[in-house]
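# Observations on the three-dimensional arrangement
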Amino acid sequence: MNNKEPYKLYRSIYEIIHPSISRKNISEYKIILKDDLSSVQVFYPSKEIELNEVLIYIHGKDIELSYYSSLAIKTKQVVIVIDYRKDKINTLSKTVNYIINELNSDKLNIKNISIMGDFDGASIILDKLSNFSLKKVLLSPTVTDLNSYNLSNVMVISNNEKQTNINNNIIVIRDSIYDFIHNIDVISNEKIYYLIINYLNGVDLNDSKEKN
């Protein structure tokens, strides 16, 4: 998930949403929820933001941690990044299910849970995690035919012009998704964040397209 192997820390989902140590310090750890689940890393929005919205992230590319930190701050959501192995997709699905069930427990005041992924991670969401009734943000999924998937509760942001006009949920842009997840082009990044934030906040996709 990143170049530097983080320290390990055992925490429950409740302890992630109600951290006992500083949010910044927690982000430096690989969190073990249970020994039979994939580990996660957690990134938080600004201190003044209430921790009641969660974005589960399935990465595809090797991404710097600064991207996840920016994503948490921009979207004002707790970002939980799952550090999975491609040969253990069943464990990934089990981990997502566990996180969702824990977040939906009565003791946590979670208003919204969404899931997001880039490239291969976005395709895994389509292939293996589509049964979860969450808002899904997919950045350039690597699947060849999006028409063969159920795209309800899905927003796709893609660089592939062949995918345009397939579905109202698909937004084709010229700005590089690769640059976005590597924080390379700040101007383009703001356009993509605009789309993501609007979708997570329930703004109609057609309205976002018109203003983008």
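Here the structure is shown first, and the text comes after it.
I will try to describe carefully the structure that is included in this document. (Residues numbered from 1 in each chain as written. Predicted model: local features only at pLDDT ≥ 70, side-chain atom pairs only at ≥ 80, totals over all residues. Heavy atoms only, no water.)

This part takes up the pattern of salt bridges. Taken as a whole and judged by the stated rule, the model has five salt bridges. Between Lys74 and Glu190 there is a salt bridge whose closest N-O contact spans 2.8 Å. A residue pair is termed long-range when its members are at least 10 positions apart, and Lys74 in helix α3 (residues 65–75) and Glu190 in helix α7 (residues 186–200) qualify at 116 residues. The class of Lys74 is partly exposed, set by a relative accessible area of 34%. (Salt bridge = Lys/Arg side-chain N within 4 Å of Asp/Glu carboxyl O. Helix = DSSP H or I, 4+ residues; strand = E, 2+ residues; numbered from the N terminus. Buried < 20%, exposed > 50% of the residue type's maximum accessible area, 1.4 Å probe, protein only.)

What follows is about the side chain of Asn169. Mapped onto the elements of the fold, Asn169 is located in the loop between β8 (154–158) and β9 (170–172). You can call Asn169 buried: its relative accessible area is 17%. A polar side-chain atom of Asn169 sits 2.6 Å from the main-chain carbonyl oxygen of Leu151. Engagement of the side chain of Asn169 in a polar contact is seen with the backbone oxygen of Val154, the distance being 2.8 Å. (Polar contact = N/O pair within 3.5 Å; in protein donor to acceptor, adjacent residues only side chain to side chain.)

This brings us to the nonpolar core. Counting residues in hydrophobic clusters, the biggest one holds 44 residues, and the most contacted among them are Ile17 and Ile58. Counting residues per element, the ones that place at least two in this core are α1 (13–17), β3 (39–43), β4 (53–58), β5 (78–83), α4 (89–103), β6 (112–118), α5 (120–128) and β8. In terms of residue count, α4 provides more of this core than any other element does, seven residues in total. By size, the runner-up hydrophobic cluster in this structure holds 27 residues, among which are Tyr57, Ile177, Phe180 and Leu195. (Core = buried A, V, L, I, M, F, W, Y, C linked by side-chain atoms within 4.5 Å.)

Turning our eyes to something else, we now look at unusual backbone geometry. The backbone phi angle of Lys76 is positive, close to 60°, even though this residue is not glycine. One can find Lys76 in the loop between α3 and β5. Residue Lys76 is classed as partly exposed on the basis of its relative accessible area, which comes to 47%.

Here we come to the packing of α3 against α7. Here α3 crosses α7 at 55°, and the two axes come no closer than 10 Å. On the basis of their axis angle, the class for α3 and α7 is oblique. Crossing of α3 over α7 shows right-handed handedness. Counted together, Tyr67, Ser70, Leu71, Lys74 and Thr75 of α3 and Glu190, Tyr193, Ile196, Ile197 and Leu200 of α7 form the full contact between these two elements. Looking at side-chain class alone, the contact of α3 with α7 contains six nonpolar, two polar and two charged residues. (Axes fitted to C-alpha atoms, helices over the stretch in contact; angles between N-to-C directions. Parallel < 35°, antiparallel > 145°, perpendicular 65-115°, else oblique. Left-handed = near helix turned anticlockwise from the far one by under 90°. Contact = heavy atoms within 4.5 Å. Nonpolar A, V, L, I, M, F, W, Y, C, P; charged D, E, K, R; others polar.)

This part covers the environment of Ser130. Looking at the element boundaries, Ser130 is found in the loop between α5 and β7 (135–139). By relative accessible area, which is 39% here, Ser130 ends up partly exposed. Note: C-alpha distance between Ser130 and Ser152 (22 residues apart in sequence) is 9.3 Å.

In this section: the pairing of β3. Among the five residues of β3, five are classified as buried, and the element is accordingly described as predominantly covered. Here β3 shows a buried face lined by Ser39, Gln41 and Phe43 and a second buried face lined by Val40 and Val42. As judged from the five bridges shared by β3 and β5, these two strands associate in the antiparallel manner. Its bridge partner lying in β5, Val42 is registered against Ile80. (Pairing = 2+ DSSP bridges.)

The next subject is the environment of Asp127. Relative to the elements of secondary structure, Asp127 occurs in helix α5. With relative accessibility at 42%, the residue Asp127 sits in the partly exposed group. Along the chain, Asp127 and Asn150 lie 23 residues apart, while their C-alpha atoms are 10.0 Å from each other. With residues near it in sequence (within four places) discarded, Asp127 still touches Val143 and Tyr149. There is a polar contact of 2.6 Å between the side chain of Asp127 and the side chain of Tyr149.

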